[in-house]
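# Descriptive structure summary
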Amino acid sequence: MKIGIVGCAGRMGQMLVQEVTATQGCELAGGTEGPGNPALGRDVAAHAGLDACGMEISEDAEALFAASDVVVDFTLPAATANHLALAQKNGTSLVLGTTGHDENGLAAIEAAAKDITIVKAMNFSIGVNVQFAITQQLAGILDDDYDIEIIEMHHKHKVDSPSGTAIGLGEAAAAGRGVSLDDVSARGRDGITGARKKGDIGFASLRGGEVVGEHTVIFAGENERVEFTHRASSRGIFSKGAIRAARWTDGKDAGLYDMLDVLGFK
Ligand code: NAD
């Protein structure tokens with residue numbers, strides 16, 4: 001399967017080139033960068049720290065889409081718009097990891113998915129997506145006698161809290177119980193807060209060191225506690241999941257899919 005990487009000199013782009021090269025049954029179709037990028041003209045694989053592959057990093061996205069079965073896009077929303085048009089023109093599947101699309105961008109993705117196969121995810125980690133699916137299931141099985149608390153820890157540089165993934169886990173737990181997270185979310189407890197309300201989903205954030213990302217969902221019952229933890233140690237988890245998604249597109253009908261489709265949860 002021929003896989004092209006747009007934005008191949010970026011942080012994720014380089015990891016994606018490494019992952020394609022290391023994955024049996026996958027062949028690197030080439031890589032592009034945006035206009036003026038200093039990596040243009042360099043060898044795609046050598047720039048990712050591998051042995052040279054003989055293909056230069058190019059600005060010619062049209063040629064890359066024509067040469068690829070599937071293209072992986074971790075770039076910028078403005079670049080994705082052009083990539084969608086090229087994918088439609090060439091019948092190429094797309095794996096979209098780029099975040100920050102506005103309403104128009106999201107509408108363009110949905111429109112293109114009528115013609116081509118697109119897998120889009122805010123988080124391509126296989127483990128995190130398993131944690132989302134299991135959290136939703138467990139929240140449905142363990143009723144509100146089990147108090148749900150979500151703890152996350154990240155490096156000291158992170159500026160927002162709770163993490164987007166923690167909120168996603170809260171949404172999954174709320175969906176499992178058939179409620180809206182907005183109605184049951186308990187955040188930022190401090191001081192005399194009163195007793196915990198039955199059915200609340202609580203959040204706690206820890207910050208320190210260089211922790212890449214840890215999320216634990218706790219179901220605390222009367223005499224037992226179920227805990228489900230995911231620990232990330234490298235951004236390589238995103239490239240591994242994205243290339244799994246790229247391989248999964250083979251032979252799939254046009255449509256907009258996510259990692260839960262890829263992992264067989266839907
Ligand atoms: P980065 O800035 O290191 O890389 C982005 C690359 O895209 C850069 O090299 C840039 O030059 C290139 N680019 C910009 N315009 C381009 C164009 N027109 N054609 C080709 N290349 C172009 O950023 P990053 O950390 O690799 O993240 C990239 C995106 O992926 C961000 O939106 C980030 O939020 C997202 N991301 C998603 C996940 C996920 O699991 N969904 C995980 C990590 C990052």
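Conventions we followed
- Residues numbered from 1 in each chain as written.
- Predicted model: local features only at pLDDT ≥ 70, side-chain atom pairs only at ≥ 80, totals over all residues.
- Heavy atoms only, no water.
- Core = buried A, V, L, I, M, F, W, Y, C linked by side-chain atoms within 4.5 Å.
- Buried < 20%, exposed > 50% of the residue type's maximum accessible area, 1.4 Å probe, protein only.
- Helix = DSSP H or I, 4+ residues; strand = E, 2+ residues; numbered from the N terminus.
- Contact = heavy atoms within 4.5 Å.
- Pairing = 2+ DSSP bridges.
- Axes fitted to C-alpha atoms, helices over the stretch in contact; angles between N-to-C directions.
- Parallel < 35°, antiparallel > 145°, perpendicular 65-115°, else oblique.
- Left-handed = near helix turned anticlockwise from the far one by under 90°.
- Nonpolar A, V, L, I, M, F, W, Y, C, P; charged D, E, K, R; others polar.
- Expected span 1.5 Å × (residues − 1).
- Arc of directions from axis to C-beta.
- Near = heavy atom within 4 Å.
- Polar contact = N/O pair within 3.5 Å; in protein donor to acceptor, adjacent residues only side chain to side chain.
- Areas by Shrake-Rupley, 256 points an atom, 1.4 Å probe, with all protein chains shown as cover.

Our next topic: the nonpolar core. Counting 30 residues, the largest nonpolar core has Ile3, Ile5, Val72, Val95 and Phe124 as the members making the most contacts within it. For this core, the elements supplying multiple residues, two or more each, are β1 (2–6), α1 (11–22), β3 (70–73), α9 (236–248) and α10 (259–262). Top element by residues in this core is α9. It accounts for five residues. Dropping the residues within four chain positions of it, Ile3 is found in contact with Val20, Cys26, Glu27, Leu28, Ala29, Gly30, Ser68, Val70, Val72, Ile243 and Ala246.

Whether parallel or antiparallel, the strands of a sheet pair through hydrogen bonds between backbone atoms. Here we have five strands laid out as an open sheet, ordered β7-β8-β6-β9-β10, and mixed in their pairing. Lying at the two open borders of the sheet, with one neighbouring strand each, are β7 (185–186) and β10 (225–232). In this sheet, strand β8 (residues 201–207) lies alongside β7 in parallel orientation, the contact comprising two bridges. Note on β8: the bridge partner recorded for Ser185 is Ile201. Here helix α6 (residues 126–141) sits on the sheet in contact with β6 (147–154), β9 (213–220) and β10, set at roughly 165° to β10.

What follows concerns the packing of α6 against helix α7 (residues 164–176). The contact between α6 and α7 brings their axes to 7 Å, and the two run at 30°. Judged by the angle between their axes, α6 and α7 are roughly parallel. Classified by chirality, the crossing of α7 by α6 is right-handed. Facing α6, whose interface residues are Val128, Gln131, Phe132, Thr135, Gln136, Ala139 and Gly140, α7 presents Thr165, Gly168, Leu169, Ala172, Ala173, Ala175 and Gly176. Tallied by class, residues from the contact of α6 with α7 come to seven nonpolar, seven polar and no charged.

Along its twelve residues, α1 runs 17 Å from first to last C-alpha, staying within 8% of the 16 Å computed at 1.5 Å per residue. Among all positions in α1, only Met12, Gly13, Leu16, Val17, Glu19 and Val20 are buried. Summarising the axial view, the buried residues of α1 lie within an arc of 165°, below the 170-degree limit, and thus occupy one face. Exposed residues on α1 whose side chains face more than 90 degrees from its buried face are Arg11 and Ala22. If you follow the buried residues of α1, they end up packed against β1, β2 (27–32), α2 (44–47), β3 and α9.

Met12, Glu33, Thr99, Phe124 and Arg235 are the nearest of the 22 residues found near the ligand. Within the side chain of Thr99, a nitrogen or oxygen atom sits 2.6 Å from an oxygen atom of the ligand. Taking Met122, its main chain carries an N or O atom lying 3.0 Å from a nitrogen atom of the ligand. For the ligand, the accessible surface in isolation is 860 Å², of which the surrounding protein chains cover 77%.

Strand order in the open sheet made by the six strands is β2-β1-β3-β4-β5-β11, with parallel pairing throughout. Edge positions in the sheet fall to β2 and β11 (255–257), since each has one partner strand and no second. Taken pair by pair, the neighbouring strands of this sheet meet at an average axis angle of 20°, ignoring direction. Pairing of β3 with strand β4 (residues 93–96) involves four bridges; the strand directions are parallel. Looking across to β4, one finds that Val72 is bridged to Val95. Across the sheet, helix α5 (residues 103–112) lies against β4, β5 (117–120) and β11, angled at about 140° from β5, the strand it touches most.

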